[in-house]
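Okay, here's what each chain looks like letter by letter:
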Amino acid sequence: MLKKINDFIQEHQLFSKEQPIICAVSGGVDSVCLLHILHDLGYSVILAHVNHHKRTESETEQVQMEQLALKLNIPFELLSYYDSKKENFQSAAHHARYQFFKELASKYQTPYIATAHHLDDQAETILMRLISGSNLYGYAGISIQQAVEGYHLVRPLLCVTKEDLYQYAQEKKYSFFEDSSNLSNDYLRNRIRHQFIPLLKEENPNFLVQIHQFSLITKEAFTFIRKQSIKYLNELNNSIRISTFLLQDIAVQKDILCLLFERYHIEKSYSMIQNCFTLIQKQKNSKIYLKNNFIFQIEYGQAKILQEKKTTCFEYELNLNQTCTIEEKYTFYFSKNLPQNNAKYIKLCYNSLKLPLKIRNRQPGDFIQMSYGNKKIARLMIDAKMSSLKRDQTPIITKPDGTVLWVYNLAKSKEVILQKSMGDIYLVCEEYNHEK
C-alpha cells in the first residue's frame, strides 16, 4: 500500500517533503489511513479536524483525533463548527471546512491541502454527475490535484479503493470511526454506494479501475479543449467574435461559453449554454437574461456577457461660464480657445448662440438635419454599430427649441458645419474612461 501510494504521489508530483501538508482528518477509515500513510512516508503533516456537533459521537471523535496527533507528535488544529441554519447545511459546512483548511495552509506557509478521496468516491461522484448532468470537466469527477485560490488540493488516495483502506487499517490496527449517516439511503450518494456500485462490480470486478481511467481520459480531453478556450477568450478580452467562433470545433465552442460564464462567476447549466449557443448560430442581435442582472448579448457580430445597467434619463442646461458633468463620464463647457487635449468639440458663433443649450439622452423620433437632409438619430447609431447601452448613454446637444446640433462623437448638424469657418467659441466635451 505504501509503495503504491508513494508511486502515485511521485507520478503526479503531488507535493514535496520541503513543505508541510494540511491533512483533512474526519476520523473515518479513509482520512485516518491518509494521515498515517503520509506520516510514514516521511511527510510533515498537520492534522486538521472539523467537529460539526451533529452527532453524539462527535465529541469522542474530536478527543481521539487530538490523541492521535499527540501520539504522532504532529500539530492538531480544530474547527468547532456550529450552524443554526436548517437549510443547505451541507453547502455551508463544506464552505466552512475549506475556508478553515485554507487558513491553516496560510498559517503553516504551505500550498498543500490533502483530502482522503479514493476510487469509490470517484465512482460515486461520476455517477452522480451523469445522473444530474454536468459538463466534460464535471463528468471527469474528482481531480487528482486542483489549484484553488493559490492552494493545491491533492488526493493521494485516488489510486486505492475503500476496501484497500479497510484492509490496511485492520493490518495496522488503526482506530477509526464509522459515520452512521453513511448507512442511510436518504442521500443520492449513499444510494449509489449501496445499490448501484455493487451491481456494476458484479458486471466488472475492475469497475473502479475502469472508471478511474475514464476520469483520466476525460480530464485529458477537457484540458486540451480548455487550453483552446482560454486562448480564444484571452485574445478577445472575454468576448466572442462570431465569425471566428463558428470556425472552432463544436466542443471548443461550447467550452468557450462555459469558460465565459465561469469568468463572470455566473451559475451555468446545460440548457443555458445550449440557449446561448443557439443564439450565436442565428447571428441576430438579441440577448438572454441571466442571473444577478447579467445578460448574454449579441450585437453586430459580437457576443459578450454584460451586467445590465438601467439607463438614467438625463437633461441638463448649459450656459456660458458653466460646466455640466453627466454620469461622471462626460463634462461639457464653453471655451474661447481651441482645446489642446483629445477632447471633442464643435465650433459655434457667439453672436448667434441661443442659450441655454440642452444636453440629454436620445428620445423617440429624434432626428438631425444633415447636409443631405434629415436623418433619424436611431438609424445613425445603428449604422455606426453602437451598442444599445451606448445609444442610450450618448449625449445629444440641442438648441433651446429642441433642434439637434450635435450627437456627441457621431454627427454634427448642417448648422454646426456651416458655422465652422466663422465660429468663435467652442463647445467642448471631455470624456472619461473608467474601465480598467
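Okay, so let's go over this structure. Because the structure is a prediction, the values reported are computed rather than measured.

So, the environment of Met 65
The residue Met 65 is located in helix H3 (residues 58-72) in this model. In contact with Met 65, other than residues within four places in its own chain, are Val 25, Gly 27, Val 32, Leu 47, His 49, Phe 76 and Phe 177.

Some thoughts on helix H2 (residues 29-40)
If you check H2, its first and last C-alpha atoms are 16 Å apart, about what twelve residues at 1.5 Å a residue would give, namely 16 Å. Summarising burial for H2: ten of the twelve residues are buried, a large majority. Here H2 has its buried residues at Val 29, Asp 30, Ser 31, Val 32, Cys 33, Leu 34, Leu 35, His 36, Ile 37 and Leu 38. On its buried side, H2 packs onto helix H1 (2-12), strand E1 (21-24), strand E2 (45-51), H3, strand E4 (112-114) and helix H7 (162-172). Positioned one or two residues after H2, Gly 42 has a phi angle of 95 degrees, which is positive.

A closer look at the packing of helix H11 (residues 250-263) against helix H12 (residues 270-282)
Where H11 contacts H12, the axes come no closer than 10 Å and their chain directions differ by 115 degrees. Both H11 and H12 take part in a crossing whose hand is right-handed. Taken together, the residues of H12 that come into contact with H11 (itself represented by Ile 250, Gln 253, Lys 254, Leu 257, Cys 258 and Phe 261) are Tyr 270, Met 272, Ile 273, Gln 274, Cys 276, Phe 277 and Ile 280. For the contact of H11 with H12, the class distribution of residues is ten nonpolar, two polar and one charged.

Comments concerning the packing of aromatic side chains
Summed over the entire model, instances satisfying the criterion amount to 14 aromatic pairs. Relative to Tyr 43, the ring of Phe 15 lies with its centre 5.0 Å away and its plane at 75 degrees, an arrangement referred to as edge-to-face. Of this pair, Phe 15 sits in the loop between H1 and E1 while Tyr 43 sits in the loop between H2 and E2, and the two are 28 residues apart along the sequence. Summarising the burial analysis for this pair, Phe 15 and Tyr 43 share the class buried. Measuring from ring centre to ring centre gives 6.3 Å for Phe 332 and Tyr 408, while their planes differ by 75 degrees; the resulting arrangement is edge-to-face. Here the residue Phe 332 occupies a position in strand E13 (residues 330-335), and Tyr 408 occupies one in the loop between strand E19 (404-407) and strand E20 (411-412), the gap between them amounting to 76 residues. Neither residue differs from the other here; Phe 332 and Tyr 408 are each classed as buried. Taken together, Tyr 330, Phe 332, Trp 406 and Tyr 408 form an aromatic cluster joined through their ring pairs. A cation sits over an aromatic face here: Lys 219 above Tyr 137, 5.0 Å from the ring centre.

Focus on unusual backbone geometry
Residue Pro 356 is reached from Leu 355 by a cis peptide bond, and omega for that bond is 0 degrees. By secondary structure assignment, the location of Pro 356 is in the loop between strand E14 (344-348) and strand E15 (357-360). Phi angles above zero are rare outside glycine, and Asn 237 is one such case at about 55 degrees. Here Asn 237 lies in the loop between helix H9 (207-235) and strand E7 (239-241). Although it is not a glycine, Asn 292 sits at a positive phi angle of roughly 60 degrees.

What about the sheet that holds E19?
What the five strands build is an open sheet, ordered E11-E15-E18-E19-E20; its pairing is antiparallel. This sheet does not close on itself; its edge strands, each paired only once, are strand E11 (315-318) and E20.

Thoughts on the packing of helix H5 (residues 119-132) against H9
Between H5 and H9, whose axes approach to 9 Å, the crossing angle comes to 65 degrees. Here the hand of the crossing between H5 and H9 comes out left-handed. In this structure, H5 contributes Leu 119, Asp 120, Gln 122, Ala 123, Ile 126 and Leu 127 to the contact, and H9 contributes Phe 207, Leu 208, Ile 211, His 212, Phe 214 and Ser 215. The class makeup of the residues in the contact of H5 with H9 is eight nonpolar, three polar and one charged.

Description of the sheet that holds strand E5 (residues 145-148)
If you trace the six strands from one edge of the open sheet to the other, you get E3-E2-E1-E4-E6-E5, paired in mixed fashion. Both outer strands of the open sheet, strand E3 (76-80) and E5, are each paired with one neighbouring strand and no more. Neighbouring strand axes in the sheet, compared pairwise and without regard to direction, differ in orientation by 25 degrees on average. With three bridges connecting them, E4 and strand E6 (residues 151-154) associate as parallel partners. Its bridge partner lying in E6, Ala 114 is registered against Val 154. Here H3 sits on the sheet in contact with E2 and E3, set at roughly 170 degrees to E2.

Cut-off values and rules
- Residues numbered from 1 in each chain as written.
- Predicted model: local features only at pLDDT ≥ 70, side-chain atom pairs only at ≥ 80, totals over all residues.
- Heavy atoms only, no water.
- Helix = DSSP H or I, 4+ residues; strand = E, 2+ residues; numbered from the N terminus.
- Contact = heavy atoms within 4.5 Å.
- Expected span 1.5 Å × (residues − 1).
- Buried < 20%, exposed > 50% of the residue type's maximum accessible area, 1.4 Å probe, protein only.
- Axes fitted to C-alpha atoms, helices over the stretch in contact; angles between N-to-C directions.
- Left-handed = near helix turned anticlockwise from the far one by under 90°.
- Nonpolar A, V, L, I, M, F, W, Y, C, P; charged D, E, K, R; others polar.
- Phe/Tyr/Trp six-rings, centres within 6.5 Å; stacked < 30°, edge-to-face > 60°.
- Lys NZ or Arg CZ within 6 Å of the ring centre and 35° of its normal.
- Pairing = 2+ DSSP bridges.

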